[in-house]
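# Structure assessment
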Amino acid sequence: MRVFLLSVVLAGVAVAAAGARPVATPGVSSSEIVIGSSVPLSGEAAIAGNVARGIDAYFKSVNAKGGVFGRKLKFTYLDDGYDPGRAVNNTIRLVQQEQVFAMFSSLGTSNNLAVRKLLNDSKVPQLFVSSGATTFGRDYKKYPWTIGYIPPYSEEGAIYGQYVVKKIKKPKIAVLYQADDYGRDLLSGLKRGLGKKSKSIVASVGYDPTSTDVQPLVTQLKASKANVFMIFAFGKFSLQAFNAVSRLGWKPQIFVNDVSSASALMAIVPQKAATGAISIVFGKDPAAPVWNRDRGIRLFQSILKQYGGDIGPRDLKDGYYTAGMATAYTLVDVLKKAGKNLTRDGLMRAATHLTERGNPFVLPGIVIKTTPTSRFPLTQVRLQRWSKSAWHPFGKLLSLKPR
């Protein structure tokens, strides 16, 4: 029923857009570029709303220096509570009422899927979505106005599988995953990375993102006697998983997917469960000791202090803010490449012909690259291990091959 209602809403929006008086370049004036986003500022994923706050602070710093070709960036982000229905309402408002030039870095797999057809039908750019679901980079022929940003979940899962094959003798793997494209991508990638050892997955259980508590599922997974635990969960569900591991006295090798690996989250879970956990990393973590004297992190902290509003010491160590700034840096780069005569077509051309080196908020050596047929901007990562209440990167840069 919910899907039917969303379809009706989207159909109505498409009709309204078709009958509206045409505007040459919505969201662009001689002095301003209007950018929109829908993000969770409340609910179980509220901490990830700091991605949008990091974006906002970076845009303000750009505006203070004159903007992009003299135009200031106006960033309007609305709270969707991590709910797809609210994301649809927010997107309709931003496109129709706020007349945004583009939607940018909206967060969540289900939320972005819920609005993808609407935005593509209306030819509104859906830029650098905050989801690694493979579909956002793979299905560009059907959805040419959409592009992802972060490494695809399927490739992240494959990296964990490959690590297990190389490093863990006689693995018995349990998997907790979110039962949508986000969790299923990670799980399918894990199986591919394990190859012939995919049968070492002894238990896997998916949870509905509208659930309240996944701890009983972790108890169920522990009963499998697994010695490896994959936490492919987001927000409060990841926290609950770590809490359950600690409470049960379970001691598996834990892998936690990237979007739930922020130090701000890891620091508040039981450390006896978190210590030794492994994840991937592509952005500089301001809480990681290795970046204490890094110029990019100093720039991030300077911008956040000046333009971040009511922030505290913890915010200066929060990688969600840094992730937002990394994405914002890339968008500003794309806007510059699109030129002074801004159009939505020109924006998409720039976004799909990108070779960005030196983004100060991502790991050294990473090149953010796209082509019209390769819409996975970030395809280089490292592994990292949680120890002494901080992440410590190890190994060389790994290159992903999205499919």
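Computed from a predicted model, the values in this text were never measured in an experiment. (Residues numbered from 1 in each chain as written. Predicted model: local features only at pLDDT ≥ 70, side-chain atom pairs only at ≥ 80, totals over all residues. Heavy atoms only, no water.)

### Examining the overall build of the chain
So the rule is basically this: Secondary structure counts use DSSP, requiring at least four H or I residues in a row for a helix and at least two E residues in a row for a strand, with both numbered from the N terminus. For the radius of gyration, the atoms used are the C-alpha atoms, and the globule rule reads 2.2 Å times the number of residues raised to 0.38. Relative accessibility thresholds used throughout: buried, under 20% of the residue-type maximum; exposed, over 50%; partly exposed, between the two (1.4 Å probe, protein chains only). Here, two residues are considered to be in contact whenever any of their heavy atoms come within 4.5 Å of each other. Note on areas: these come from Shrake-Rupley sampling with a 1.4 Å probe, and a residue is covered only by the protein chains present in the view. A residue counts as positive if it is Lys or Arg and as negative if it is Asp or Glu; His and the chain ends are not included. Note on charges: their place is set at NZ of Lys, CZ of Arg, CG of Asp or CD of Glu.
A tally of regular secondary structure across the chain gives 14 helices and 14 strands. Relative to the globule expectation of 22 Å for 403 residues, the C-alpha radius of gyration of the chain, 21 Å, shows essentially globular dimensions. Principal axes of the C-alpha set define a box for the chain whose edges measure 65 × 50 × 40 Å. Evaluated residue by residue, the chain yields a buried proportion of 58% over its 403 residues. A separation of at least 24 residues holds for 70% of the contacts in the chain among residues at least 6 apart in sequence. Of the accessible surface of the chain, which amounts to about 17,000 Å², a share of 52% is contributed by carbon and sulfur atoms. Each charge class in the chain can be summarised by its mean position, and for the 54 positive and 25 negative side chains these summaries are 9 Å apart.

### Some thoughts on the packing of aromatic side chains
Note the threshold: Geometry of aromatic contacts follows a simple scheme: Phe, Tyr and Trp rings, the Trp one being its six-membered ring, pair when their centres are within 6.5 Å, and the pair is stacked under 30 degrees between planes, edge-to-face over 60, tilted otherwise.
Per the counting criterion, the structure on display carries 18 aromatic pairs. Measuring from centroid to centroid gives 5.5 Å for F59 and F75, while their planes differ by 90°, and the two rings are edge-to-face. Within this pair, whereas F59 is found in helix α2 (residues 50–64), its partner F75 is found in strand β2 (residues 72–79), the two being separated by 16 residues in sequence. With a relative accessible area of 10%, F75 lands in the buried category. Plain terms: the ring middles of Y82 and F234 are 5.3 Å apart, the flat faces sit at 45° to each other, and that makes the pair tilted.

### What about helix α7 (residues 181–194)?
Helical geometry: 3.6 residues make up each α-helical turn, so side chains three or four residues apart lie on a common side. Heads up, the rule is: To estimate the expected span of a helix, count its residues, drop one, and scale the result by 1.5 Å.
Spanning 14 residues, α7 covers 20 Å between terminal C-alpha atoms, matching the ideal 20 Å at 1.5 Å per step. Within the sequence span of α7, burial applies to Y182, G183, D185, L186, L187, G189, L190, G193 and L194. For α7, the elements touching its buried residues are α4 (109–121), α6 (153–167), β6 (173–178), β7 (201–207) and β8 (228–232). With its phi angle positive at about 60°, G195 sits one or two positions after the end of α7.

### Brief notes about the pattern of salt bridges
Condition: Counted as salt bridges are all cases of a side-chain nitrogen of Lys or Arg within 4 Å of a carboxyl oxygen of Asp or Glu.
Under the criterion given, the structure shown has eight salt bridges. The partner of E155 in a salt bridge is R192, and the shortest N-O contact between them spans 2.8 Å. Pair noted here: E155 is in helix α6 and R192 is in helix α7, with a separation of 37 residues, a long-range link. Accessibility expressed as a relative area gives 31% for R192, which makes it partly exposed.

### Here's the deal with the nonpolar core
Across soluble globular proteins, nonpolar side chains show a tendency to be buried alongside one another. Where we set the bar: Put simply, buried Ala, Val, Leu, Ile, Met, Phe, Trp, Tyr and Cys residues joined by side-chain atoms within 4.5 Å make one nonpolar core.
F59, L176, L190, F229 and M230 are the most contacted members of the largest nonpolar core, which has 116 residues in total. A total of 10 residues in this core trace back to one element, the largest contributor, which is helix α13 (residues 319–338). Aside from chain neighbours lying at most four places away, what touches L190 is G157, A158, Y160, G161, I173, V175, I201, M230 and F232. Listed in part, the 13 residues of the second largest apolar core include L78, L118, L119 and V124.

### Here we look at the sheet that holds strand β5 (residues 146–148)
Operational definition: Two strands are said to pair when DSSP picks up at least two bridges between them. Helix axes use the C-alpha atoms of the stretch in contact, all axes being lines fitted to C-alpha atoms, and the angles between their N-to-C directions lie in the range 0 to 180 degrees.
Taking strand neighbours across the sheet as the criterion, the five strands line up as β2-β1-β3-β4-β5 in an open arrangement whose pairing is parallel. Every other strand in the sheet has two partners, leaving β2 and β5 as the edge strands with one partner each. The sheet shows a mean angle of 20° between the axes of neighbouring strands, direction not considered. The pairing of strand β1 (residues 32–39) with strand β3 (residues 102–104) spans two bridges and is parallel. Along β3, the bridge assignment pairs I35 with A102. Packing against the sheet, α2 makes contact with β1, β2 and β3, and its axis sits at approximately 165° to β2.

### Quick word on the confidence of the model for the chain
Quick note on the threshold: Known as pLDDT, the predictor's per-residue confidence is scaled from 0 to 100.
Taken over all residues, the pLDDT of the chain has a mean of 93, while the share at 70 or more is 94%. Taken together, the stretch residues 1–21 has pLDDT below 50 and engages in 15 contacts with residues farther than four places along the chain or on a different chain.

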